[in-house]
Structure formats: structure tokens, C-alpha cells
Amino acid sequence: MTSATPPTAGNRLDPWFGAYAQRAHNMRASEVRALFAVVNRPEVVSLAGGMPNLAGLPLDAIADTIQRVIATQGLSALQYGSGQGHEALREQILDVMALEGISAHPDDVVVTTGSQQALDLVTRIFIDPGDVIVAEAPSYVGALGVFRSYEADVVHVPMDEHGLIPEALEATFARLAHEGRRVKLLYTIPTFHNPGGVTLSLERRPQILAIARRYGVLLVEDNPYGLLGFGQDPTPAIRSLDEDGVVYLGSFSKTFAPGFRVGWVVAPHAVREKLVLASESAILCPSNASQMAISAYLATSDWQGQIKAFQVMYRERRDAMVSSLAEHLPDASWTVPDGGFYTWVKLPPGLDSKSMLPRAVTGRVAYVPGTAFFADGTGADHMRLSYCYPTPERIREGVRRLASVVNAEREL
Ligand code: PMP
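Scoring rules and cut-offs
Residues numbered from 1 in each chain as written. Predicted model: local features only at pLDDT ≥ 70, side-chain atom pairs only at ≥ 80, totals over all residues. Helix = DSSP H or I, 4+ residues; strand = E, 2+ residues; numbered from the N terminus. Buried ≥ 20, exposed ≤ 12 C-beta atoms within 10 Å, placed from the backbone. Contact = placed C-beta atoms within 7 Å. Pairing = 2+ DSSP bridges. Near = placed C-beta within 6 Å. Nonpolar A, V, L, I, M, F, W, Y, C, P; charged D, E, K, R; others polar. Expected span 1.5 Å × (residues − 1). Axes fitted to C-alpha atoms, helices over the stretch in contact; angles between N-to-C directions. Parallel < 35°, antiparallel > 145°, perpendicular 65-115°, else oblique. Left-handed = near helix turned anticlockwise from the far one by under 90°. Core = buried A, V, L, I, M, F, W, Y, C linked by C-beta atoms within 7 Å. pLDDT = per-residue confidence, 0-100.

We now examine the overall build of the protein chain. For the protein chain, the helix and strand inventory stands at 14 helices and 14 strands. With the principal axes as the frame, the protein chain shows a C-alpha extent of 65 × 60 × 55 Å. For the protein chain, the residues scored as buried account for 46% of the 412 residues in total. In the protein chain, the share of contacts with a sequence separation of at least 24, taken over all contacts with a separation of at least 6, comes to 74%.

Here's what the structure looks like:
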């Protein structure tokens, strides 16, 4: 009889430490996740997490919809399904994307378990260790985590109030080409950026696309917030300008509910085939029950009216956030988002958002330090403030508390 012997311990708390693959060593709890315990304490105003506020959803109607799905299509809802996703839902996803000017065929769509899985699949099929991904500075913490786990080398390109800067992108691509380094992906969140709160201007969209094309780089457009604008018509997605050079990621998490875990990818034909294979190997198929619930919701409810209600609610919260920042932190600066969940705050000189966080939590307010959003750990002079979840009153109270923490910090 043989007994398993733990490999050489490299960490006294985990006898299997020496057995992990390198990619597991590259996985880290995000700074957002480490905050979850704090977020749940009622006395803390959390401006940290990005949880959508679902209080306005018509729960009784949704319960009826799900009940009907099980009553009428229960055996297929509870069965395995297609690796590419439920066909009826893929067709409805086309209607959702049409609002942002995208035209596609249902076969172009791959349903995923949230767009987070789409990020994982895209990275899995393109990235070998050491490959370069170019991303905005700052960038979505969850994407950076995926990129790190696949050992990508993330190179950041700056944004301004109009989004990613074309000249800076061009210069970065040129420098990397000169160094003989192949850029595999350009990862961008063009609309209502997380955490930047800015939107890539209409003028820049074709420019960014043209630069990516010229350097032969596939553009990954991550767009979970695009329909959550505050007033204006939706901005046409980059994917509406190009079918072959863009992989587009969408999600129902922010426009409906993240609990179903349904997102999608639209990709050029050959890429899409690889994505389906990768997804089948990871999960066999996305949840039929979730997809059919969302499909029935889209077919029977005023989902566009619901999105409008979300826009109004988030706009009011954005207003509370930016007006209390102006009142209480006049020497900081921040982006004023036209949609989405976040504002990106630059602290007054000399302050460090990462080292200040424990004192902020003691002062009963939480945020995400800017360092979470840079692959190289810079960004301590910034923080991300989310206005999506708390009420306007709580947001105002949170910013008041934050200002007293900042003021105390200046006296340290
Ligand atoms: N991309 C961005 C930019 C996000 O902000 C999020 C969620 N915070 C995701 C992807 C993942 O969303 P989901 O998996 O819920 O669709």
C-alpha cells in the first residue's frame, strides 16, 4: 500500500504548498475581496464594492417567471445544455447589443458564466506565460487577476477624461514592437470605466481600433456598464465598428442581476470556436436554468424600462457622490462619470490610499485603494469610490467620514 506524501513544504501552514502549479501561486485574493468582511459590518459605509443595487427589481414578477419556466420547460431547464449557450437567449442577446449599435448573428455569441468567465476563456486561449496584454491604467481588478494567473505581462497605457489616449497607445505598441515583443491583446473598458469612471470618446473609438489593427492586436472590449448611462443615448460599442478585430464581452449582471451569472462573448468565427471548446472543458455548458430564466425575463418583462429605472437610481447616487466630494474634499480631484458605478479619486498630494485604508475602516468608511487597479502596484495616490450600492444619504455620510480620515492623515 502506498500513502500520499505531501511534497516538500514551502509554507508551514499548507503542506501542499510545493505542489501547486505556478499559476496557482500567481492567484491572489483581490484587495476588493479582502474587504468583503469589512463591507458587511453595518456601521461601515462601504464605498468599496461594486455590487449592483437590486432593490428596484420586481421580485414577485421574477418569481412568477421562474416558476413558469420550471412548470413549462422544467426538464430542459434542469438538464445539461449547449456549450455555446441556449439558442433563444443568444437571439435575445442580439436585441440587447443592438442598443449599442452592434449587429451580429446568434452563432457569433457564446454564453458564459458571467463576463468574468469570458475574461478567463479569452485569456486561456490567447496567453502563454510572458505574453503581453496592453490595458488601460488603471484597469479592472478582476481582469488583472485573470491575466496574472495566466502569467501575462500587463503593460499599462494612460487614460484622460476622454478614455484611452490614442497617441500613448500607439507609442506603447511601437516601443513593444521595437523590443521584439508581441502584443496579444488590447484589453479595454471603453464605456463607464471600472475604476476610471470615464468613457472613450466617439472620436477616439475608430482611432483606437485602427491602431490595434495596424499592429495586429486583437481588441477585447469589456462592456458590462454600457447601458447604464445617465441621460444620453447609449454610446456605440467599438464592436459596432468592426467584426473581425474585436472580442466583445457583455453581461446581465449590472442591467439585471448578477446572481444568475450570465454573460456572453461575441467573437470572430474561429476565435468563437476556440472559446466554446475552452468553455466546454471548463464547465461543459453554462447553466440552462439561469439562461432560461433570463430568456423568459427578457421575453415577458419591460427590461428596458427596468434599465431606465436603474439609470435614474444610479444617477442620483452619482450626484450625491460628486456633490459631497466637492463639499468635503475640495482639494482632491475626481472623475464625473456619465454612467456606471464608479468615480476615480486623486487624493491631495502626499497621501497614500493603501496605508490609509485601516484608518479609514476605523473611521467607518471603506474604499478600494488605487493600487488594486495597476498590475505593477502603483496608484496609491488614487482610490476608487463606488456609489452603486449605498443610498444617497449613506454616500454623503461616507464621504464626510472619508474627509475626516483624510484630514487627520494630513496631520500625521
Ligand atoms: N468586467 C468588468 C469591467 C466588471 O466591472 C465586472 C464586474 N464587476 C466584470 C467584468 C465581471 O462581471 P460578471 O462576471 O458579473 O458579468
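Time to look at the pairing of strand β8 (residues 246–251). The element β8 is extensively covered by neighbouring structure, given that six of its six residues are classed as buried. Of the two faces of β8, the one holding Val-246, Tyr-248 and Gly-250 and the one holding Val-247, Leu-249 and Ser-251 are both buried throughout. The pairing of strand β7 (residues 218–222) with β8 spans four bridges and is parallel. Its bridge partner lying in β8, Asp-222 is registered against Leu-249. When β8 meets strand β9 (residues 263–266), the two strands line up antiparallel, connected through four bridges. Each residue of the ladder has a partner; that of Leu-249, found in β9, is Val-265.

The ligand sits among 14 residues. The nearest are Gly-114, Ser-115, Gln-116, Ser-251 and Ser-253. The dominant element in the shell around the ligand, judged by the number of residues it contributes, is helix α6 (residues 114–126), at three residues. Across the shell around the ligand, the residue classes tally to four nonpolar, nine polar and one charged.

A few words on the environment of Gln-92. The topology assignment puts Gln-92 in helix α5 (residues 87–98). Aside from chain neighbours lying at most four places away, what touches Gln-92 is Ser-295 and Leu-298.

Here we take up helix α11 (residues 288–300). In this model α11 runs 18 Å from its N-terminal to its C-terminal C-alpha over 13 residues, within 8% of the 18 Å that 1.5 Å per residue would give. The buried fraction of α11 is high, at ten of 13 residues. Every buried residue of α11 is accounted for by Asn-288, Ser-290, Gln-291, Met-292, Ala-293, Ile-294, Ser-295, Ala-296, Tyr-297 and Leu-298. Along its buried surface, α11 packs onto α4 (59–77), α5, β2 (109–112) and α12 (303–328).

Overall, mixed pairing links the eight strands, which are arranged β2-β9-β8-β7-β6-β3-β4-β5 in an open sheet. Looking at the sheet topology across the chains shown, the edges are occupied by β2 and β5 (163–164). Here α5 sits on the sheet in contact with β2, β8 and β9, set at roughly 100° to β2.

One can describe the packing of helix α13 (residues 353–362) onto helix α14 (residues 392–410) by two numbers: an axis separation of 10 Å at closest approach and a directional angle of 125°. By the criterion of interaxial angle, the relationship of α13 to α14 is oblique. Relative to α14, α13 is oriented so that their crossing is right-handed. The residues of α14 that touch α13, namely those facing Met-356, Arg-359 and Ala-360, are Leu-402, Val-405 and Glu-409. For the contact of α13 with α14, the class distribution of residues is four nonpolar, no polar and two charged.

Another aspect to go through is the sheet that holds strand β13 (residues 368–369). A sheet is described by the order of its strands in space; here four strands give the open sequence β10-β11-β14-β13, paired in antiparallel fashion. Each of the sheet's edge strands pairs with one partner strand only, and the pair in question is β10 (333–334) and β13. For β13 and strand β14 (residues 382–386), the ladder comprises two bridges, and the chain directions are antiparallel. What sits directly across from Pro-369, in β14, is Met-383.

Judged by nonpolar contacts, the single largest core of 106 residues is most densely connected at Ile-133, Leu-219, Val-220, Val-247, Val-265, Ile-294 and Tyr-367. If sequence neighbours within four positions are ignored, Val-247 has contacts with Val-122, Leu-218, Val-220, Val-265, Ala-267 and Val-271.

In the predicted model, the protein chain carries a mean pLDDT of 94, and 95% of its residues have values of at least 70. Here residues 1–5 is modelled with pLDDT under 50, and outside its nearest four sequence neighbours on either side it reaches zero contacts, counting other chains as well. ipTM for the predicted complex: 0.99, alongside a pTM of 0.95.

Once that is clear, we can look at α12. One turn of the α-helix equals 3.6 residues, which is why residues spaced by three or four share an orientation. Between its first and last C-alpha atoms α12 spans 37 Å; for 26 residues at 1.5 Å apiece the expected length is 38 Å, and the two agree. When α12 is considered as a whole, its buried residues turn out to be Phe-310, Tyr-314, Arg-317, Arg-318, Ala-320, Met-321, Val-322, Ser-324 and Leu-325. Lining the buried residues of α12 we find β10, β11 (342–346), β14 and α14.

Bringing the packing of α6 against helix α7 (residues 141–149) into the picture now. Between α6 and α7, the least distance of the axes is 10 Å, while the angle of their chain directions is 30°. Judged by the inter-axis angle, α6 sits roughly parallel to α7. The interaxial crossing formed by α6 with α7 has right-handed handedness. Contact with α6, carried on its side by Gln-116, Leu-119, Asp-120 and Thr-123, involves Gly-142, Ala-143, Val-146 and Phe-147 of α7 and no other residues of that element. In the contact of α6 with α7, the residues fall into four nonpolar, three polar and one charged.

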